[in-house]
Amino acid sequence: MSLLELFIIAVGLSMDAFAVSVCKGLVTSDVRPLNMLCAGLWFGLFQALMPLLGYLLGVNFSSLIQSVDHWIAFILLFLIGVNMIREAVSSKEECEDTDTCSSYAFKVMLPLAVATSIDALAVGVSFAFLSVDIIPAICFIGVCTFFLSATGVKIGSIFGNKFERKAEIAGGVILILMGLKILLEHLGIISF
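An account of the accompanying structure is given in this report. (Residues numbered from 1 in each chain as written. Predicted model: local features only at pLDDT ≥ 70, side-chain atom pairs only at ≥ 80, totals over all residues. Heavy atoms only, no water.)

Non-glycine residue Ser131 carries a positive phi angle of around 55°. Locating Ser131 in the fold gives a position in the loop between α5 (106-129) and α6 (134-159). Since its relative accessible area comes to 63%, Ser131 is described here as exposed. (Helix = DSSP H or I, 4+ residues; strand = E, 2+ residues; numbered from the N terminus. Buried < 20%, exposed > 50% of the residue type's maximum accessible area, 1.4 Å probe, protein only.)

Pasting the structure below:
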């Protein structure tokens, strides 16, 4: 997998965390660098850990399903992408408890970090089937998510929720296209 492909996947995976970070910025009355750092660390760490877990699971089963691994990678990325788009276009409930939404406490950030990184677990399984060098990949995904999440908090405080849905839709489309590219490459239809 090329660096450009990895970058595209990292950005696609980061979109959920970015959207949540924008929401955090919306409800935080006075965004400080510590708020940005907190969001970046939580989301970046979990976006790096989940693909590692998925990769470790996938490596253990890759020899059993190597003949269909490209289909699995395509299906996983396609489903993740469709789900991101579906969530972006469905009506989302606004946070009613502003104190809870604006909190950066452990009990608030942990579930958000886990929820926004579940997609990355499935991508990690795909990485195992594609024999991706996992350590640089998870570091790249984690760093990308860190910067996008930290920036998202600031953007949320400045621009409001204008770009939240567009970012999630873009992330979903990117993952679908990456899955399609992997499938077409393995079927010999295209080559890069």
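A few words now on the environment of Ser21. Here Ser21 is to be found in helix α1 (residues 3-27). Placed 19 residues apart in sequence, Ser21 and Gly40 show a C-alpha to C-alpha distance of 8.4 Å. The residues contacting Ser21, other than those within four sequence positions of it, are Ala39, Phe43, Ser149, Gly152 and Val153. Within the local environment of Ser21, its side chain forms a polar contact with the backbone oxygen of Ser149, the two atoms lying 3.3 Å apart. (Contact = heavy atoms within 4.5 Å. Polar contact = N/O pair within 3.5 Å; in protein donor to acceptor, adjacent residues only side chain to side chain.)

A separate point is the environment of Ile158. Counting through the fold element by element, Ile158 comes out in helix α6. Classification of Ile158 by relative accessible area gives exposed; the value is 53%. Here the alpha-carbon distance between Ile158 and Gly25, two residues 133 residues apart in the chain, equals 8.0 Å.

Within the element layout of this structure, Ser126 appears in helix α5. Among the residues examined, Ser126 registers a relative accessible area of 2% and is labelled buried. Excluding its chain neighbours within four sequence positions, the residues that come into contact with Ser126 are Ala73 and Leu76.

Attention now goes to the nonpolar core. Among the nonpolar cores identified, the biggest contains 30 residues, and Leu13, Val123 and Phe127 are the most heavily contacted of them. Listing elements by their share of this core, those giving two or more residues are α1, α2 (33-61), α3 (69-89), α5, α6 and α7 (164-186). Among the elements that take part in this core, α1 stands out by supplying eight residues, more than any other. Among residues more than four places away in sequence, those in contact with Val123 are Ile9, Leu13, Leu77 and Ile80. With twelve residues, the next largest nonpolar core counts Val20, Val31, Phe43 and Met109 among its residues. (Core = buried A, V, L, I, M, F, W, Y, C linked by side-chain atoms within 4.5 Å.)

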